[in-house]
Structures are given as structure tokens and as C-alpha cells.
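What follows is the residue order along each chain.
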Amino acid sequence: ENLYYIKTFTTSGHDYNETTNPLLEKIKASCPDVVAGTHLFNWDLPWLSYNDIELQERKTSYVDADYFEVFTIPLKYGDHRTALKNKYDEVLTDKVSKKFFGEINPVGKKMLLNDTLSVKVAGVLEPISSYSSLRLGVLLSTQLVEDYQSFKENSGWNNSFTSNMIRLSPNADVQ
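The present account deals with the structure reproduced in this document. (Residues numbered from 1 in each chain as written. Predicted model: local features only at pLDDT ≥ 70, side-chain atom pairs only at ≥ 80, totals over all residues. Heavy atoms only, no water.)

Some thoughts on the overall build of the chain
For the chain, the helix and strand inventory stands at five helices and 14 strands. For 175 residues, the compact-globule estimate of 2.2 N^0.38 gives 16 Å, and the chain sits close to it at 17 Å. In the chain, buried positions account for 45% of the 175 residues. Long-range pairs, those at least 24 residues apart, make up 70% of the contacts in the chain between residues at least 6 apart in sequence. Accessible area of the chain: about 9,700 Å², with a carbon and sulfur share of 48%. (Helix = DSSP H or I, 4+ residues; strand = E, 2+ residues; numbered from the N terminus. Rg over C-alpha atoms; globule rule 2.2 N^0.38 Å. Buried < 20%, exposed > 50% of the residue type's maximum accessible area, 1.4 Å probe, protein only. Contact = heavy atoms within 4.5 Å. Areas by Shrake-Rupley, 256 points an atom, 1.4 Å probe, with all protein chains shown as cover.)

Right, here's the structure in full:
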């Protein structure tokens, strides 16, 4: 309810699910009925490691701090109000968490991203239904990718690559 997916419509009549990266911030700043909004995109496939376990999760997505204000996905471990608020936070699916940590609560554990960057597990998602359209593995903060030179060069108004979702206030006029 009140969740909207932003699409791009071209002058040639085509539409697609990605928009430009800066669009979300403009919408949030100019539309008072937007309660929360998040990007959701894949930029790279970083390697994650913990002790002797290392893997490259194909379903790694970058999202904003508002992610859990847009989506109501319950956490098995962690607090949805604080998860992903820090640049170096990560949230794992239950399946990925079990690969690294087994059945223990890993919140607060440090992992290495691409052998160099320390990230902290801030949450673990409850198992997601196979019927969900969200295919997740690892959630990382968009703040991380904003430091990458390749991202800076390609995330302007002329390149559509990100999915943007917003949650509107209950009495919002969608138009």
C-alpha cells in the first residue's frame, strides 16, 4: 500500500523500469507526500569474506538508508530502524548469513568486501518467499558505491540504471 515504482517513459513511446540516479533525490525534495524512497541497483559483484569463507554473491544490491521505510521486510536479526544507516553496514539474507555464520546471530560481525574494505553485518532478513519479486542476497549502502570513480562518472542524468521506489503518505494525491 502506497508503494510506487518509478518508470521511465521515452518520447518514442517506450518505457522501462530504470531511471536516472539523481531523480530520486529530486522527487524526495520536491514532493512532500513522499514518506521514504530508495534506489535499488546492482553496480558490481563484490567478494565478501569472513575468516576462511569467501564468496561472490550474485544478488548484491545497493540501497539507501530508507530501504526498510519503503519495504516492510522483517529482519531475523538486527533492527530495521538502524540497519543500513551507516555507510559500512550490510544486510544479508538468511541464506547468505548461514553460508558464513551458520545458525548464529552475526549482527556486529565484521566482514571484508573485496579484500580491503571492512563492512559490518547490521541485519539478517527473514527468509524471503520464492514468490517475491525481490531477489536479494546482500544489501549494501549506496553511500559505498558513491566513492567509486566509475559510479561518479556514470550516475548522472544521462544514464538510467537504477530502480527507484517510493512510499507515499496514506492520503497522497498520486497525480
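What follows picks up the thread again.
Structural notes on the nonpolar core
Membership of the largest hydrophobic core comes to 21 residues, with the highest contact counts inside it found for Leu-48, Leu-92, Phe-100, Phe-101 and Met-111. Breaking this core down by element, the ones donating at least two residues are β6 (47–50), α3 (94–101), β11 (110–113), β12 (117–125), β13 (138–141) and α4 (142–145). If near-sequence neighbours (up to four positions away) are discounted, Leu-48 is found in contact with Ile-53, Glu-54, Leu-55, Glu-90, Leu-92, Phe-100, Met-111, Leu-112, Leu-113, Val-119 and Val-138. One finds Tyr-67, Ile-73, Ala-83 and Leu-136 within the second-largest nonpolar core, a separate group that totals 18 residues. (Core = buried A, V, L, I, M, F, W, Y, C linked by side-chain atoms within 4.5 Å.)

Comments concerning the side chain of Asp-89
Residue position: Asp-89 is located in strand β10 (residues 89–92). At 3.3 Å, the side chain of Asp-89 forms a polar contact with the backbone nitrogen of Leu-84. Once you skip the residues sitting within four places of it in the chain, Asp-89 turns out to touch Thr-82, Ala-83, Leu-84, Lys-120, Ala-122, Leu-139, Leu-140 and Ser-141. (Polar contact = N/O pair within 3.5 Å; in protein donor to acceptor, adjacent residues only side chain to side chain.)

Observations concerning the side chain of Ser-49
Looking at where Ser-49 falls in the secondary structure, it is placed in strand β6. A relative accessible area of 11% places Ser-49 in the buried class.

Some remarks on unusual backbone geometry
Positioned with a positive phi, Asn-51 is a non-glycine residue whose angle comes to about 55 degrees. Looking at where Asn-51 falls in the secondary structure, it is placed in the loop between β6 and β7 (53–56). If you check the backbone angles, Asp-115 has positive phi at about 65 degrees while not being a glycine. With respect to the helices and strands, the residue Asp-115 is situated in the loop between β11 and β12.

Quick notes on the environment of Tyr-67
Along the polypeptide, Tyr-67 turns up in helix α2 (residues 67–70). Linking Tyr-67 and His-80, residues 13 residues apart in sequence, is a C-alpha distance of 8.9 Å. Setting aside its immediate chain neighbours within four residues, Tyr-67 contacts Thr-38, Leu-40, Ile-73, Leu-84, Leu-134, Leu-136 and Leu-139.

Quick word on the packing of aromatic side chains
With the rule as written, the count across this model stands at 10 aromatic pairs. Ring geometry for Tyr-67 and Phe-71: centres 5.0 Å apart, planes at 40 degrees, overall tilted. For Tyr-67, a relative accessible area of 0% gives the class buried. For Phe-71, a relative accessible area of 11% translates into the label buried. Judged by centre distance (5.9 Å) and plane angle (85 degrees), the ring pair of Phe-151 and Phe-161 falls under edge-to-face. A residue pair is termed long-range when its members are at least 10 positions apart, and Phe-151 in helix α5 (residues 149–154) and Phe-161 in strand β14 (residues 160–168) qualify at 10 residues. An identical accessibility class is assigned to Phe-151 and Phe-161; each is buried. Through successive ring pairs, a cluster of aromatic residues spans Phe-41, Trp-43, Tyr-62, Phe-151 and Phe-161. (Phe/Tyr/Trp six-rings, centres within 6.5 Å; stacked < 30°, edge-to-face > 60°.)

Quick word on the pattern of salt bridges
Within the structure shown, the criterion is met by 10 salt bridges. Among the ionic pairs, Glu-25 bridges to Lys-28, the shortest N-O distance being 3.8 Å. One end of the pair, Glu-25, and the other, Lys-28, are both in helix α1 (residues 23–30), three residues apart, so they sit about a helical turn from each other. The partly exposed category is assigned to Glu-25, whose relative accessible area is 42%. Here Lys-76 ties to Asp-94 by a salt bridge, and the two come within 2.9 Å at their closest N and O atoms. Placement of Lys-76 in strand β9 (residues 75–78) and of Asp-94 in helix α3 is noted, with a sequence separation of 18 residues between them. The class of Lys-76 is partly exposed, set by a relative accessible area of 28%. Sharing partners across several salt bridges, the network here consists of Lys-76, Asp-94, Lys-98 and Glu-103. (Salt bridge = Lys/Arg side-chain N within 4 Å of Asp/Glu carboxyl O.)

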